[in-house]
Amino acid sequence: MGSAMSVPARDNGHEVRLVGTPLDGAIIDALLRTGVHPALETRLPPGVSYFAAEQLAAALSGVDAVVGGVSSFGVEWFGKAVLPLLPECVPVLSVTRGLALDADGALSAFPDMLGRMTPADRRLSLNAVGGPCAGDELARRRRTEAVFCGKDADVLHALRALFATGYFHIRLSTDVWGVETAAALKNVYALGASLAMEAAGGAKGEGGAPHGDAQAALLGQAVQEMEKLSALLGCGPEQWTCGPEELYAAVLQNRARKPGALSGRGVFSAQAAEAPDGAARETAVIAGRIAAALRALAKRGLANPADFPMLMHVDARLGAEPAGGVSREASACP
């Protein structure tokens, strides 16, 4: 998604510098040779410059905004390697989906986690992206939508001006917690719905007829749990609409569907968890963190896990994978 953001930025005439993490050497090499992004399978626009992680300081020199496109495993690296190089006037827009889990079982949004990593005497503008937009859709200039969230409305308007196009529609919200929570819950419940669909024989039954009733029931259960859980986690009603629309997109074609389908077929294994984009591992970690937070609330008498059967089933399923599986907390970034 971070790389895909270069497409609308270039279409708006901006200079774009794409920097890889220490694990992205092969991607940067491929882009330098061909201009085609291996994961997106799309040629990025002419005029995008490519930099290895070792060239980070040079790439950040004089920039007007920074898009953080790391996975949830790379947020800590981003905070330590990138944020100290930025002046306070440069806003950060994170596309990372997920939530951080504190030692006491409390969840926090990644912009808040990054804020805690920033010295108290520095005031960086840390913003995030939610909504149903997927990287491959954006890179191909297909009509899509996202939500930019942050604490400063003026900064959000400036960021929208950098990226909004006729195909990339951007809403703004100052409810960071609501947007980020909706994005994280979407991944978990898309996985759960896909897991159950696949266990029942896939999206189609005998004769190729779609399991329409089963899919509708699963999505209905997912929406009910997401609504209750978002309220339990303190989300305001403004961003609740992000949840169902993101869930719909995720189950149809987003990356949370693949690990659910794999686990539904009983083949969620080390091979699946070590997929190039880390989708299976990342989604499993998000599910585990949210389930852990729910248990912490239950210990305080504030929640009943039995009210969230789909979430608890997903957590139990992924927490009891075969011996060859990969830990949900395995790191994919230095």
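Calculation notes
Residues numbered from 1 in each chain as written. Predicted model: local features only at pLDDT ≥ 70, side-chain atom pairs only at ≥ 80, totals over all residues. Heavy atoms only, no water. Helix = DSSP H or I, 4+ residues; strand = E, 2+ residues; numbered from the N terminus. Buried < 20%, exposed > 50% of the residue type's maximum accessible area, 1.4 Å probe, protein only. Contact = heavy atoms within 4.5 Å. Areas by Shrake-Rupley, 256 points an atom, 1.4 Å probe, with all protein chains shown as cover. Core = buried A, V, L, I, M, F, W, Y, C linked by side-chain atoms within 4.5 Å. pLDDT = per-residue confidence, 0-100. Arc of directions from axis to C-beta. Pairing = 2+ DSSP bridges. 1 Å grid on protein atoms, 1.4 Å probe; cavity = no way out; pocket = protein on both sides within 12 Å on 5 of 7 lines; lining within 4 Å. Points joined across faces, edges and corners; volume = space filled by probe spheres on them. Nonpolar A, V, L, I, M, F, W, Y, C, P; charged D, E, K, R; others polar. Phe/Tyr/Trp six-rings, centres within 6.5 Å; stacked < 30°, edge-to-face > 60°. Lys NZ or Arg CZ within 6 Å of the ring centre and 35° of its normal.

Focus: the overall build of the chain
In step 1: Regarding its fold elements, the chain presents 14 helices and 11 strands.
In step 2: Burial statistics for the chain: of 334 residues in total, 51% are counted as buried.
In step 3: The contacts of the chain with a sequence gap of at least 6 include a subset with a gap of at least 24, amounting to 72%.
In step 4: For the chain, the computed accessible surface area is about 14700 Å², with 53% contributed by carbon and sulfur atoms.

Digging into the nonpolar core
In step 1: Counting residues in each nonpolar core, the largest one holds 39 residues, and the members touching the most others are Y189, L229, I290 and L311.
In step 2: Counting only elements with at least two residues in this core, the list comes to β8 (107-109), β10 (144-149), α8 (176-199), α9 (212-232), α13 (279-299) and α14 (309-319).
In step 3: Examining the composition of this core, we find that 11 residues originate from one element, α8, more than from any other.
In step 4: Judged by nonpolar contacts, the second largest core, of 27 residues, contains A4, A9, A146 and I170.

Quick notes on the confidence of the model for the chain
In step 1: Put simply, the chain has an average pLDDT of 82, and 78% of its residues get 70 or more.
In step 2: Throughout residues 205-210 the model reports pLDDT below 50, and contacts reaching past four residues in sequence, or to other chains, amount to five contacts.

Quick notes on helix α7 (residues 153-163)
In step 1: For α7, the complete set of buried residues consists of V155, L156, L159 and F163. All buried residues of α7 fall inside an arc of 100 degrees around its axis, so they share one side. Of the exposed residues in α7, those oriented more than 90 degrees away from the buried face are D154 and A161.
In step 2: If you follow the buried residues of α7, they end up packed against α1 (6-11), β5 (66-68), β6 (92-94), β9 (126-130), β10 and β11 (168-173).

Brief notes about the pairing of β11
In step 1: Pairing between β10 and β11: six bridges, direction parallel. Residue pairing in the sheet places A146 in a bridge with I170 of β11.

Topic: the environment of L294
In step 1: By secondary structure assignment, the location of L294 is in helix α13.
In step 2: For L294, a relative accessible area of 2% puts it in the buried group.
In step 3: Along the primary structure L294 and A106 are separated by 188 residues, whereas in three dimensions their C-alpha atoms are 9.0 Å apart.
In step 4: Residue contacts for L294: discarding those within four places in its chain leaves L229, L232, A303, P305, F308, L311 and M312.

Quick notes on empty space enclosed by the protein
In step 1: Throughout the structure, instances matching the rule amount to two cavities of 30 Å³ or more.
In step 2: For the second largest cavity, the calculated volume is near 40 Å³.
In step 3: In terms of residue class, the lining of the second largest cavity is built from five nonpolar, three polar and no charged.

Overview of the side chain of T144
In step 1: The residue T144 is located in strand β10 in this model.
In step 2: On the accessibility criterion, T144 (12% relative accessible area) is buried.
In step 3: If we skip the residues at most four places from it in the chain, T144 touches C133, A134, L138, Y167, F168 and H169.

Some thoughts on helix α2 (residues 25-34)
In step 1: All buried positions along α2 are accounted for by I28, A30 and L31. Along the long axis of α2, the arc covered by the buried residues comes to 160 degrees, so they all point the same way. Exposed residues lying more than 90 degrees from the buried face of α2 are A26, L32 and R33.
In step 2: Along its buried surface, α2 packs onto β1 (16-19), β2 (36-37) and β4 (48-51).

Details of the packing of aromatic side chains
In step 1: Using the criterion set out here, one finds two aromatic pairs in the structure.
In step 2: Considering the side-chain rings of F148 and F163, the 6.2 Å spacing of their centres and the 75 degrees angle between planes classify their relative orientation as edge-to-face. One end of the pair, F148, is in strand β10; the other, F163, is in helix α7, and 15 residues separate them in sequence. F163 carries the same exposure label as F148, and that label is buried.
In step 3: Taking the centre distance of 6.4 Å and the plane angle of 65 degrees together, the rings of F148 and F168 count as edge-to-face. Taken together, the residues span a long stretch of sequence, with F148 in strand β10 and F168 in strand β11 at a distance of 20 residues. Accessibility assignment for this pair places F148 and F168 in one class, buried.
In step 4: One aromatic cluster in this structure is built from F148, F163 and F168.
In step 5: Taking the ring centre of F308 as reference, the NZ or CZ of K228 above it sits at 5.4 Å.

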